[in-house]
Structures are given as C-alpha cells and as structure tokens.
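One-letter residues, chain by chain:
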Amino acid sequence: MSSDKTRHCLAFEHHDHRLCQHELLATARDLCKLRRLKLTPRRQQVLEILLQSHQPMGAYDILAQINKADVNAQIAPPIVYRALDFLLEEGLIHRIECRNAFIGCIDPGHQGAAQFLICKGCEKVAELDKPASTLHSEASRVGFVIDHSVVEVTGFCADCQQK
Ligand SMILES: [Zn+2]
Ligand SMILES: [Zn+2]
Ligand SMILES: [Zn+2]
C-alpha cells in the first residue's frame, strides 16, 4: 500500500515532519479512494490534526482545536467521535489506550496488530511494524488465536534520556 519509507518508525528520529505528515495524508487519501470511502472534510480535518505531530491527542483536544480554528463551527463532541470511529475502523489512526488518545497510523490500512513505544518525557509515540514475534509464536504454540492485541510500551526516547 505504501512505500517502505513511510513504514518506518520515524517518531524518535530527527526528520522533516512536514514531509512525513504530507506523505501520510496522501496515503490515507489514496486508500480512501481505493476503498471508495468518503473522507469527508470533517474526517480529513480530524486526521490532519492527528498527523500534526507524533504525540497522541485526546478527543477533547481535537474538538478544542477545531472550534478554535473556526469560531462559527462550534461543533459538539459526538461529531469528533464519529470522525474518530471512521478513522479507527479504516485503520487510518490508532487508539493509545494508556493515554486515552489517538494517533495517526504510519502505514494506513495495514493488517495486523500495532505496537507502540511511548515516551514519558516528550509523549511522542512510535508505531512499530514488526509483529511481537514471541507473543505470536507462544500463542500459536498453545493453539491460541489472537484476534486483538494492544502492545503499548512506555519508557524514554534517546533525546529524553539526555535531559
Ligand atoms: Zn513525522
Ligand atoms: Zn498502524
Ligand atoms: Zn522523548
């Protein structure tokens, strides 16, 4: 679906985030076109807000940002939740359970579970695309079929360790 470039975990590497954001948005748009999904202006706006940084955002922060940008809009929380539901369902974003917040996916629409490294210093989140191999092989060894797994690992990124 996307190039190898977008598939890697850039959050903790120094990079030009505008480029990264631009690519992720383009990939998401292409995916919606391919799947004939309606990326309405509101859905796209929520996605764009989430792609502004590698820090996850809560629904109320997203709402506040939308209402601040357009004083005439003043939308209510359910509108944001509906947009988030759509984006989650299509795999364009993920929910970071331990932060009760959302983050743009680095490989929109990918199969399989996502795993996250969460820095407690800068609150950035990096998504890893490699499967948690021990977990999966242990599960299959005992005949267990995983249908949902959330791997959220907290710690400190290289930059934050130096502070
Ligand atoms: Zn980036
Ligand atoms: Zn993902
Ligand atoms: Zn950090």
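Please read these numbers as outputs of a predicted model, since none were measured by experiment.

(A) Quick look at the coordination of the zinc ion (ligand 1). Surrounding the zinc ion (ligand 1) are the protein donor atoms H15 (NE2), H17 (ND1), C20 (SG) and H54 (NE2), at 2.0 to 2.3 Å. Around the zinc ion (ligand 1), the four donor atoms sit at angles spanning 98 to 120°, and that spread fits a shape best called tetrahedral. Take H17: its relative accessible area is 17%, and that puts it in the buried class.

(B) How the structure looks around the nonpolar core. In terms of nonpolar packing, the biggest core is built from 26 residues, with I62 and L84 touching the most fellow members. Of all the secondary-structure elements, those providing two or more residues to this core are helix 1 (17–34), helix 2 (41–50), helix 3 (59–69) and helix 4 (77–89). The biggest single contributor to this core is helix 1, with six residues. Apart from the residues lying within four places of it in its own chain, the contact partners of L84 are V46, L50, A59, I62, I93 and F102. Membership of the second largest hydrophobic core comes to six residues, among which are I96, I103, F116 and I118.

(C) Fine view of the coordination of the zinc ion (ligand 3). The protein atoms donating to the zinc ion (ligand 3) are C119 (SG), C122 (SG), C157 (SG) and C160 (SG), with metal-donor distances spanning 2.3 Å. Around the zinc ion (ligand 3), the four donor atoms are arranged such that angles at the metal cover 103 to 117°; this shape is classified as tetrahedral. In the primary sequence, the donor residues of the zinc ion (ligand 3) line up as C-x2-C-x34-C-x2-C. In this structure, C119 and C122 share a single accessibility class: buried.

What counts and how
- Residues numbered from 1 in each chain as written.
- Chains lettered and ligands numbered in written order.
- Predicted model: local features only at pLDDT ≥ 70, side-chain atom pairs only at ≥ 80, totals over all residues.
- Heavy atoms only, no water.
- Donors = N, O, S within 2.8 Å, 3.2 Å for Na, K, Ca; no water.
- Tetrahedral: all angles 85-135°; square planar, octahedral: opposite > 155°, others 65-115°.
- Buried < 20%, exposed > 50% of the residue type's maximum accessible area, 1.4 Å probe, protein only.
- Core = buried A, V, L, I, M, F, W, Y, C linked by side-chain atoms within 4.5 Å.
- Helix = DSSP H or I, 4+ residues; strand = E, 2+ residues; numbered from the N terminus.
- Contact = heavy atoms within 4.5 Å.

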